[in-house]
Amino acid sequence: RCPVTCSERRAGGLSTVDASHLESLASGGRMPARRAIMVLATKQHTGKTSVSLALIQTARKLLAPSGGTVGYMKPVGQQWVTVEEGGEQIRVDKDAAVAHHYFKLQERLRLSDVSPIVIGRGHTKAFLDGEMPSLAAEAFEARLTSAFGAISAASDFVVVEGTGHSGVGAVLGWNNARVAAALGVEVVLVANGGVGSTFDELSLNVAACRAEKAAIAGIIINKCAPSKVAEVTTYLQKAADRFGWGVPVLACVPYGDDLDKPSVSDLVHLFEGGFSKERYVPSESASSLASMSNLGKRRDLKHTAAAVYATALRYAAGYGGLRASGGGGGSSGGSSSR
């Protein structure tokens, strides 16, 4: 689902990405306030994080000839990991930790700025009870703008990743749209393939952004049926134009079947099996992250439920090499190469 690879698919007949749009975003073409964008989803599981990482990689390639640098920020996180920074243990968003490590941002950016605010379990109730002054409006905005200022000063272009859809965070008085407006960055909305329901979801998010005066740079459609790419792009753009949005459909990324099939190691990790676990819990010497143990923890599934789920995944993924729960070889003999 990466726009970088999709732009290379045009020769095969899938005109999925207008590279000039992405180049414009990276060069400040539609952003008079900031050379940055904020990526928001219309709902869960649209592929917002994948798109964000792809945009980082795209911008890095575009800016590399001039020596430009790309930063990343996830202003508000919900699922966190514990890391060490400056001799202290801090909580940061798990996606921010991955991006910070993968793109080697530690050379320029503090992880505490990349992930400045984490909302944990119970924080919302504590905030409503007046017990969390750090989430009060002035303190919240000061932390956001300070972190973004540090990242902007060290980067030529910044990809900011929101938490969910535009309305997430409203209970704190800081939904994603308001965060974008406060930072002075334009929004890129990520939705899944379709026309009617997709436009409905986009409409809600466009309304939320406009209510907070957050400008929208464009729309990326992710996980679209390959045969529907041209149709979806055409009709969503027609719908956006009909209702006067003034927002371009930047990309329509075809569904990548192979990307959504679990590997055997994914299943082992899910059920906390024995082999390959080190791939998911890197040691301190192998990673800049001091503790990733939280990523290795999964729900304690009942033995029967785990077996049923594994069997369903085996058939959904199209291979039969999974070992039955409790012993015995798979029906296809040996382990899958995936």
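What you see is a predicted model; the values in this text were computed from it and never measured. (Residues numbered from 1 in each chain as written. Predicted model: local features only at pLDDT ≥ 70, side-chain atom pairs only at ≥ 80, totals over all residues. Heavy atoms only, no water.)

Novice: Requested: an account of the overall build of the protein, with residues and values cited.
Specialist: The number of helices and strands found in the protein is twelve helices and ten strands. Classification of the 338 residues of the protein by burial places 45% in the buried group. Once local pairs closer than 6 in sequence are excluded, the contacts in the protein between residues at least 24 apart make up 71%. Counting only carbon and sulfur atoms, one obtains 52% of the accessible surface of the protein, whose full area is about 16700 Å². (Helix = DSSP H or I, 4+ residues; strand = E, 2+ residues; numbered from the N terminus. Buried < 20%, exposed > 50% of the residue type's maximum accessible area, 1.4 Å probe, protein only. Contact = heavy atoms within 4.5 Å. Areas by Shrake-Rupley, 256 points an atom, 1.4 Å probe, with all protein chains shown as cover.)

Novice: Now, about the nonpolar core: what can you tell me, with residues and values included?
Specialist: In this structure, Leu135, Phe140, Leu144, Phe148, Ile220, Ile221 and Trp245 are the most contacted members of the largest nonpolar core, which totals 76 residues. At six residues, strand 9 (residues 216-224) tops the list of elements feeding residues into this core. Excluding anything up to four places from it in sequence, Leu144 contacts Met73, Pro75, Pro116, Ile117, Trp174, Val179 and Leu183. (Core = buried A, V, L, I, M, F, W, Y, C linked by side-chain atoms within 4.5 Å.)

Novice: How would you explain the environment of Ser134 if you had to name every residue and give the values?
Specialist: With respect to the secondary-structure elements, Ser134 resides in the loop between helix 6 (123-128) and helix 7 (137-153). Since its relative accessible area comes to 46%, Ser134 is described here as partly exposed. For Ser134 and Ile117, which are 17 residues apart along the polypeptide, the C-alpha to C-alpha distance reads 9.3 Å. Every residue in contact with Ser134, bar those within four places of it in the chain, is listed here: Ala139 and Phe140.

Novice: With reference to specific residues and values, describe unusual backbone geometry.
Specialist: In this structure, His45 takes a positive phi of about 65° despite not being glycine. Take His45: it is sitting in the loop between strand 1 (36-41) and helix 3 (48-63). Phi angles above zero are rare outside glycine, and Lys223 is one such case at about 60°. Mapped onto the fold, Lys223 is located in strand 9.

Novice: Explain the sheet that holds strand 2 (residues 70-73) residue by residue, including any values.
Specialist: In spatial order, the strands read 2-7-1-8-9-10; together these six strands make up an open sheet with parallel pairing. In the strand order of this sheet, the two ends are held by strand 2 and strand 10 (249-254), each with one partner. Within the sheet, the average angular offset between the axes of one strand and its neighbour, ignoring direction, is 20°. Sitting on the sheet, helix 3 touches strand 1, strand 2, strand 7 (157-161), strand 8 (186-192) and strand 9, and the angle it makes with strand 7 is about 175°. The strands touched by helix 8 (residues 176-183) are strand 1, strand 7 and strand 8; relative to strand 1, the strand with the most contacts, the crossing angle is about 180°. (Pairing = 2+ DSSP bridges. Axes fitted to C-alpha atoms, helices over the stretch in contact; angles between N-to-C directions.)

Novice: Describe the confidence of the model for the protein, naming the residues involved and giving the relevant values.
Specialist: Residues with a pLDDT of 70 or more make up 66% of the protein, whose mean pLDDT is 76. Low pLDDT, under 50, characterises residues 26-33; the stretch is placed with 19 contacts to residues that sit more than four places away or in other chains. Confidence drops under pLDDT 50 across residues 273-305; counting only partners more than four residues distant or on other chains, this segment forms 44 contacts. (pLDDT = per-residue confidence, 0-100.)

Novice: Explain the pairing of strand 5 (residues 88-93) residue by residue, including any values.
Specialist: Side-chain positions along a regular strand alternate between the two faces of the sheet. As paired strands, strand 4 (residues 80-85) and strand 5 are joined by six bridges and run antiparallel to one another. By the bridge assignment for strand 5, Thr82 is matched with Arg91. In sequence, strand 4 turns back onto strand 5 through a hairpin of two residues, with Gly86 there showing a positive phi of about 60°.

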